[in-house]
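# Results of the structural survey
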Amino acid sequence: MAKSLLIISRQSPWSGPGAREALDIVLAGGAFDLPIGLLFLDDGVLQLAAGQNAKALQQKDLSANLQALPMFGVEELFYCADSASLRGLSDLSLDEAQPLAAEQITALIDRYDQVITL
């Protein structure tokens, strides 16, 4: 059986390549039926902000990749509720993502065989 993998995305969508790379890894894992999960933590929750205008920042829009996650079989989607609250996020673009409290995140990480943080 394949080992499970949790990707923790901690970068905002415009701070560098980390956010895109995290999504690419998750999409690739989903395409190969790898047991994979994605956790948005710290500034990573900003990827979930609705109504982003990537063109204004001369960046590539990540929203299409986010919306494709369930189509690739990636259903284990989570975000840190505290991170979202601290950044004033209430309208999220990915309804499938489940909010987690800090103590739940520790338990989530323990569920996976391997963890990659970007």
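For the structure, check the block above.
Summarised in this report is the structure supplied together with it. Just so it is clear, the model here is predicted, and its values are computed rather than measured. (Residues numbered from 1 in each chain as written. Predicted model: local features only at pLDDT ≥ 70, side-chain atom pairs only at ≥ 80, totals over all residues. Heavy atoms only, no water.)

With that settled, consider the nonpolar core. Counting 26 residues, the largest nonpolar core has Leu38, Phe40, Leu69, Tyr79 and Leu94 as the members making the most contacts within it. Contributions of two or more residues to this core are made by strand E1 (5–9), helix H1 (18–31), strand E2 (36–40), helix H2 (63–68) and strand E3 (76–80). At 5 residues, the largest contribution of residues to this core is made by H1. One finds Leu39, Cys80, Leu100 and Tyr112 within the second-largest nonpolar core, a separate group that totals 10 residues. (Core = buried A, V, L, I, M, F, W, Y, C linked by side-chain atoms within 4.5 Å. Buried < 20%, exposed > 50% of the residue type's maximum accessible area, 1.4 Å probe, protein only. Helix = DSSP H or I, 4+ residues; strand = E, 2+ residues; numbered from the N terminus.)

Turning to the pattern of salt bridges, a few remarks are in order. As enumerated under the stated definition, the model contains 3 salt bridges in all. The partner of Arg111 in a salt bridge is Glu76, with the nearest N and O atoms 2.8 Å apart. Of this pair, Arg111 sits in helix H4 (residues 102–111) while Glu76 sits in strand E3; the two residues are 35 residues apart in sequence, bridging distant segments of the chain. Residue classification places Arg111 among the exposed positions, given a relative accessible area of 51%. (Salt bridge = Lys/Arg side-chain N within 4 Å of Asp/Glu carboxyl O.)

Peptide bonds are mostly trans, and most non-glycine residues show a negative phi. The phi torsion at Asp33 lies on the positive side, around 60°, for a residue other than glycine. Relative to the assigned elements, Asp33 resides in the loop between H1 and E2. The phi dihedral of Asp42 falls on the positive side, at around 55°, and the residue is not glycine. Residue position: Asp42 is located in the loop between E2 and H2. For Asp42, a relative accessible area of 24% gives the class partly exposed.

Next up on the list: the environment of Asn65. Mapped onto the secondary structure, Asn65 falls in helix H2. Considered as a pair, Asn65 and Asp24 are 41 residues apart in the sequence and their alpha carbons are 8.2 Å apart. Contact partners of Asn65, with chain neighbours within four places excluded, come to Arg20, Leu23, Asp24 and Leu27. (Contact = heavy atoms within 4.5 Å.)

For H1, spanning 14 residues, the distance from its first C-alpha to its last is 20 Å, which sits close to the expected 20 Å at 1.5 Å a residue. Turning to H1, its buried residues are Gly18, Ala19, Ala22, Leu23, Val26, Leu27, Gly29 and Gly30. For H1, the secondary structure elements touched by its buried residues are E1, E2 and H2. Just beyond H1, the residue with positive phi is Asp33, at close to 60°. (Expected span 1.5 Å × (residues − 1).)

Each strand in a sheet pairs with another by means of backbone hydrogen bonds, the pair being arranged parallel or else antiparallel. Strand order in the open sheet formed by 5 strands is E4-E3-E2-E1-E5, and the pairing between neighbours is parallel. A strand with exactly one partner marks an edge of an open sheet, and here the two such strands are strand E4 (98–100) and strand E5 (114–117). Going from strand to strand, the sheet's axes swing by 25° on average, the running direction of each strand aside. Pairing geometry for E2 and E3, over 4 bridges, is parallel. Paired with Phe40 across the two strands is Tyr79, which belongs to E3. Strand contacts of H1: E1 and E2, with the helix running at about 160° to E2, the strand carrying the most contacts. Relative to E4, H4 is tilted by about 110°, and along the sheet it contacts E1, E2, E3, E4 and E5. (Pairing = 2+ DSSP bridges. Axes fitted to C-alpha atoms, helices over the stretch in contact; angles between N-to-C directions.)

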